[in-house]
Amino acid sequence: MENNFKLSKFVLVLGVILALVFGVGAYVGVRFSDSSIQKIVFVDNSKIDNTSSSTIDMTPFWEVWKDLETRFVPTVKSSKVINNQEKIWGAIQGLTTAYGDPYTIFMPPEDSTAFESDISGNFEGVGMEIGIKENSLIVVSPLKATPAYNAGIKSGDQILTIDGKSTEGISVDKAVKLIRGKAGTQVVLKIAREGKKDSFEVKITRGIINVPTLDTEIKGDVFVIKLYNFYAPAAGAFRSALREFIDSGKYKLTLDLRGNPGGYLESAVDMASWFLPMGKVVVSEDFGMKGGKIYRSKGYDVFTDQLKMVILVDGGSASASEILAGALQEHGVAKLVGAKTFGKGSVQELIKITPETSLKMTIAKWLTPNGNSISEKGITPDYEVKISDADAKAGVDSQFEKAVEVLSK
């Protein structure tokens, strides 16, 4: 069968974008930005003016500082002696916690280094994405072939305790600290799972996590791209997978985003650009009273109307997955099959406060091209298909079977 895709245009844009797809973009939601580092000296009992000309009385802060410094007595051996700089880091963490947003956190040196390791795709731990949903600690998705995945952790699992410690009221960063650890050590999670009456414990031995990016395969007349994340290597790997798809001579494409917790915004925009004309809206940021920002297709647009495309999604599809799926659904490029997505549609900006510390701060929420809030609604598939426990045990993928049916129409 003659391939009807715009091969010449595909080759042409490769050279144009090579320098772009590997550039630092935004992590959905974290947008990297530079900021000057300001050293602020607090004076005991001083009052500090803010931008609205009101005053902040720092007296209680310094009273607590003084009392802790002069009178605190540790009652357990685990109490640590901290220096003044560590006290400042702790105070800033308390400030961010006061905002009540699980995605707004201050990261002192150790946490900042660990976070940068995570988004590069290599770290030690159990290999799963977690988040807060309805005030509960939820598994967004276990990453393929990781200790969490191999232990049977599933998207949507609620983590009740971590090594016996309750997760009630816990922040995401605190939970990550408790779950992460050196390879070879063990963590015990108590899990509540939909469809199971009783909670149960899962023991996971931590390991070195090398996050996979994607896999490709051909099933009958359908070319399948299984994308595991939108981390740094994803845009380049996706481009290569599309070239493989074109070379296969197939015109039916399934993009599997099930269990994909997201990653860089720039990767999602770049991937959408292969299917959309220049200038089409991929996603927009709503800054509330401060306006918004629109991210548009770069217009690689290498496919003709011969393309038939289905995107598989589920409750583990979050963040950048929802951006890409929502854009291609609303522009009529692809049909969505599966279950409603996670609903992680807030935007975090990553700001270097000092060379060793970072602030990850929620600054906006994501809206689909039609203006739908991803955080409030998630993305609803065109064809909702649930995989039953019986199908899962039998290895039957009813969602993929539905995708094949849709592609055959």
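Definitions and limits used
Residues numbered from 1 in each chain as written. Predicted model: local features only at pLDDT ≥ 70, side-chain atom pairs only at ≥ 80, totals over all residues. Heavy atoms only, no water. Axes fitted to C-alpha atoms, helices over the stretch in contact; angles between N-to-C directions. Helix = DSSP H or I, 4+ residues; strand = E, 2+ residues; numbered from the N terminus. Parallel < 35°, antiparallel > 145°, perpendicular 65-115°, else oblique. Left-handed = near helix turned anticlockwise from the far one by under 90°. Contact = heavy atoms within 4.5 Å. Nonpolar A, V, L, I, M, F, W, Y, C, P; charged D, E, K, R; others polar. Core = buried A, V, L, I, M, F, W, Y, C linked by side-chain atoms within 4.5 Å. Buried < 20%, exposed > 50% of the residue type's maximum accessible area, 1.4 Å probe, protein only.

Colleague: Just give me the short version of the packing of helix α8 (residues 265-273) against helix α9 (residues 320-330), but keep the residues and values in it.
Modeller: In a packed pair of helices, the relevant descriptors are the angle between the two axes and the axis-to-axis distance. In the contact formed by α8 and α9, the axes pass within 9 Å of each other and the chain directions differ by 25 degrees. In terms of axis orientation, α8 runs roughly parallel to α9. Here the hand of the crossing between α8 and α9 comes out right-handed. In this structure, α8 contributes L265, A268, M271 and A272 to the contact, and α9 contributes A320, I323, L324 and L328. Partitioned by chemical class, the residues of the contact of α8 with α9 number eight nonpolar, no polar and no charged.

Colleague: How would you summarise unusual backbone geometry if you had to cite specific residues and measurements?
Modeller: A positive phi angle is found at D301, which is not glycine, with a value near 45 degrees. Within the secondary structure layout, D301 lies in the loop between β18 (292-296) and β19 (308-313). Positive phi outside glycine occurs at S319, with the angle close to 60 degrees. Relative to the assigned elements, S319 resides in the loop between β19 and α9.

Colleague: I'd like a description of the nonpolar core, backed by residues and values.
Modeller: Counting residues in hydrophobic clusters, the biggest one holds 47 residues, and the most contacted among them are F275, M309, I311 and L328. Of all the secondary-structure elements, those providing two or more residues to this core are β15 (222-227), α7 (234-248), β16 (252-256), α8, β17 (281-286), β19, α9 and β22 (357-367). Core analysis: the next-biggest nonpolar cluster, separate from the first, contains 19 residues, V126, I132, A148 and A175 among them.

Structural measurements only, silent on function.
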